Amino acid sequence: LGQLARGGSLAGRRFLVTAGPTVEPLDPVRFLSNHSSGKQGYAIAEALAFRGADVALVSGPTALAAPSGVRRIQVSTAREMLAACEAELPVDVAVCTAAVSDWRAKVQATGKIKKTSEGPPTLELIENPDILAALCRHAQRPKLVVGFAAETDDVLVNAKAKRIRKGCDWLVANDVRQGVFGADRNTVTLIDGTEAVNWPEMDKRSVANLLVDRIEEFLIAH
Ligand code: CTP
Ligand code: CA
């Protein structure tokens, strides 16, 4: 009932959500990618659309159906994801949950790389664009940019430094030693410019709803 009462509260607001992994081809049969079910990002897109927002979900390959009321733009590489995100600007808020592959092959082989007697190939990698950072320094920067960070060590220290490095307003950190990938539950810490708040373990839909509550409060105040 609480959720129904909130229906329509984000009408007229534009949101961009990135989700899922990116996939970077090495050759026609192999790729470099990251673990990411897309569940957390899809849940956020769904919660936003449920409240009447205009939501563009720029998604790498996942097994999930597009949530109802959400405009999904499917991409595979980081460069495609960046271009699709920039094409959606201006938006009020961007939420970047995608597990973007940090690197891609410097040269993508046009034919299948074959095994040879010389042993395994050496792959030369180059860095992919940072979509979150690019949105943060964009001329049409959203009013609020939210990043996510999966960490395995020194979660809070790394996440606080990452928020500043990326230039985002909020960073949602999670400790991925707890086996969050593909799971339905999540334990996160929301870091903004003043504090870091630990949320109790809850399902990813609840994380999405609480985050969207915080976003609504921000939009009312700004
Ligand atoms: N991100 C992005 N584009 C990239 C890399 C990351 O948009 N090329 C976004 C992710 O969607 C996430 C945030 O940045 O919201 C943090 O991602 P993470 O991989 O934790 O940060 P990195 O800066 O890549 O640092 P690390 O070396 O820990 O991977
Ligand atoms: Ca990364």
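Described below are features of the structure shown in this document. Not measured: the values here are computed from a predicted model.

With that out of the way, let us pick up the packing of helix α2 (residues 39-50) against helix α6 (residues 204-221). Helix packing for two helices is described by the angle between their axes and how far apart those axes are. Taken N-terminus to C-terminus, the directions of α2 and α6 make an angle of 50°; their axes are 8 Å apart at the nearest point. Classified by the angle between their axes, α2 and α6 sit oblique to one another. When the axes of α2 and α6 are compared, the crossing they make is right-handed. Between α2 and α6, the contacting residues are Lys 39, Gln 40, Ala 43, Ile 44, Glu 46, Ala 47 and Leu 48 on the first element and Lys 204, Arg 205, Val 207, Ala 208, Asn 209, Leu 211 and Val 212 on the second.

Of the pockets and cavities examined, the largest pocket occupies roughly 1100 Å³. If you go around the largest pocket, you meet 42 residues; those closest to its centre are Ala 98, Ala 99, Val 100, Phe 148 and Ala 150. Considering each element in turn, the lining of the largest pocket owes the most residues, 4 residues, to strand β9 (residues 144-151). In terms of residue class, the lining of the largest pocket is made up of 17 nonpolar, 17 polar and 8 charged. In this model, the second largest pocket occupies a volume close to 210 Å³. Lys 39, Tyr 42, Ala 43, Glu 46, Leu 64, Ala 65, Pro 67, Asp 184, Asp 203, Lys 204 and Arg 205 together form the lining of the second largest pocket.

Parameters and conventions
Residues numbered from 1 in each chain as written. Chains lettered and ligands numbered in written order. Predicted model: local features only at pLDDT ≥ 70, side-chain atom pairs only at ≥ 80, totals over all residues. Heavy atoms only, no water. Axes fitted to C-alpha atoms, helices over the stretch in contact; angles between N-to-C directions. Helix = DSSP H or I, 4+ residues; strand = E, 2+ residues; numbered from the N terminus. Parallel < 35°, antiparallel > 145°, perpendicular 65-115°, else oblique. Left-handed = near helix turned anticlockwise from the far one by under 90°. Contact = heavy atoms within 4.5 Å. 1 Å grid on protein atoms, 1.4 Å probe; cavity = no way out; pocket = protein on both sides within 12 Å on 5 of 7 lines; lining within 4 Å. Points joined across faces, edges and corners; volume = space filled by probe spheres on them. Nonpolar A, V, L, I, M, F, W, Y, C, P; charged D, E, K, R; others polar.

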